Amino acid sequence: MSEHTSKASISGMREGYSDYAVSQHNAIANGLETAVSQLVDTFQFKQTSDAYINLVDLGAADGVNSFPVIKRFATTLNKKISSLSIQVSHVDLPSADFNDLSRNIFQHEQSYRQTLSKENINLHSVIVPGSFYDCFLPENSADILFSTTSLHYASKPAAILSKHVHPLCAVGNEEKTAWEELSATDLNTALKHIHSSLKPGGKFWAVVPGHSRDDSTGEIKNYWYREVLDVMSQQLLQLVDKGIVSQESWNNFVLPVHQRHMSHWQKWFSENDSMFQVDFLYAEEQDNPYLQKFTNSHQDVNLFADEYLSSIRAWSEQIIMQLLPDIEQRNLFFEGLRNQFVQTPDRFDKDTYSIYIGATRL
Ligand SMILES: C[S@@+](CC[C@H](N)C(=O)[O-])C[C@H]1O[C@@H](n2cnc3c(N)ncnc32)[C@H](O)[C@@H]1O
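Presented here is a report on the structure given in the accompanying data block.

Procedures and definitions
- Residues numbered from 1 in each chain as written.
- Predicted model: local features only at pLDDT ≥ 70, side-chain atom pairs only at ≥ 80, totals over all residues.
- Helix = DSSP H or I, 4+ residues; strand = E, 2+ residues; numbered from the N terminus.
- Rg over C-alpha atoms; globule rule 2.2 N^0.38 Å.
- Buried ≥ 20, exposed ≤ 12 C-beta atoms within 10 Å, placed from the backbone.
- Bend = angle between axes of the 7 residues up to and from the residue.
- Near = placed C-beta within 6 Å.
- Nonpolar A, V, L, I, M, F, W, Y, C, P; charged D, E, K, R; others polar.
- Core = buried A, V, L, I, M, F, W, Y, C linked by C-beta atoms within 7 Å.
- Contact = placed C-beta atoms within 7 Å.

**Some words on the overall build of the protein chain**
Point 1. Helix and strand counts for the protein chain come out as eleven helices and nine strands.
Point 2. The globule rule puts the C-alpha radius of gyration for 362 residues at 21 Å, and the 21 Å found for the protein chain is close to it.
Point 3. Considering only C-alpha atoms, the protein chain reaches an extent of 65 × 45 × 45 Å along its principal axes.
Point 4. Going through the 362 residues of the protein chain one by one, you find that 40% of them count as buried.

**Some words on helix α2 (residues 22–40)**
Point 1. Along its length, α2 shows its largest kink, about 40°, at Gly31.
Point 2. Burial in α2 covers these residues: Ser23, Gln24, Ala27, Ile28, Gly31, Leu32, Ala35, Leu39 and Val40.

**A short note on the site of the ligand**
Point 1. Inspection of the region around the ligand gives 24 residues, with Gly59, Ala61, Asn65, Ser150 and Tyr153 positioned closest.
Point 2. Breaking the shell around the ligand down by element, the ones donating at least two residues are α2 and β2 (84–92).
Point 3. Looking at the shell around the ligand, its residues break down into 13 nonpolar, ten polar and one charged.

**Structural notes on the nonpolar core**
Nonpolar side chains in soluble globular proteins tend to be buried together.
Point 1. Core analysis: the largest hydrophobic core is formed by 86 residues, its most contacted members being Leu55, Phe73, Ile144, Leu145, Phe204 and Tyr308.
Point 2. Looking at this core, the element that brings in the most residues is helix α10 (residues 301–320), giving eight residues.
Point 3. Every residue in contact with Phe204, bar those within four places of it in the chain, is listed here: Leu145, Ile194, Leu198, Phe276, Ala359 and Arg361.

**Some details on unusual backbone geometry**
Point 1. In this structure, Ala61 is a non-glycine residue whose phi angle is positive, near 50°.
Point 2. Turning to its location among the elements, Ala61 is positioned in the loop between β1 (52–58) and α3 (67–78).
Point 3. Note on Ala61: 29 C-beta atoms within 10 Å, which makes it buried.
Point 4. Backbone geometry at Asn140 places phi at a positive 55°, although glycine is not the residue there.

Shape is all these values report; function is a separate question.
This is the structure:
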């Protein structure tokens, strides 16, 4: 196992991730029709009947957010070819909760396999433990590969940020440069592996959390969980001060995500224009569904705090576990975060910013 995989296996979502991954679900739903019309609809089959398609879900977590994508892709492909067989490869880190994924695949497929079989689509799934920082599938094996809200995970928890859970701003220039260098290296490694796993003519679709920038000042304007990450950082530092988290563990910890700017993606694709043809590259802001619900409904602050906290626990708990292995301590930490949501709900992120990439492998 390479250094990359062993270090990256710090993430992996916990059981029940998708119950609270509403923002992620919305980000996917917002981009799905563009992906279908510009990538899946234009997919070229090599033959006119009895086709076999390898569809890849990279960073699958518990799979639930991917099922509408798989079903929509399958029915669109099927309009062009009779007797279609699809194998879906769900790829995630070896540390992910594959029991959860396996249960969900079984349940969901039971329900939509019946619909698909009426349309003469034969669909089967496999689970692949692997990392996009390593070779995760045989070369030239994937026809369509999609990755939703996953490609921002860093390859390693490099302890180069003094605030440790801050992906981008409020850090000194040296730290920022080191983090941006890792971001560029990670992007290059992941996209090269994606390229090599795709067949020529294969399609790639990604939805990735990113950041926007004020063009005149260069200031970072928006990224996922901006305020939340700040509060998490402050709270963890208090635990270090109290001696609950050792200075050594803290020094070796960083929340391993890059929220890149659109220009980082553009740069990579233009420098590697013999590898992919870019079909689309755009960014969109989207409301925080938890805050929206709170504002539009009865302003029930406890309900907001509970739901928002669950959404953050769903993706961060596995990572926080490295610092707080004890469940009681983690509960205290998350309780502190919840208190902040109750006290100042309006302070928390009004929206998120996602980047959508569609490309054809050359
Ligand atoms: C926020 S979840 C997204 C899950 C799902 N695709 C969605 O959109 O809801 C990110 C997933 O990416 C996985 N992941 C992180 N780094 C990875 C890597 N290097 N290779 C493969 N998967 C990775 C995590 O384990 C996690 O399951």
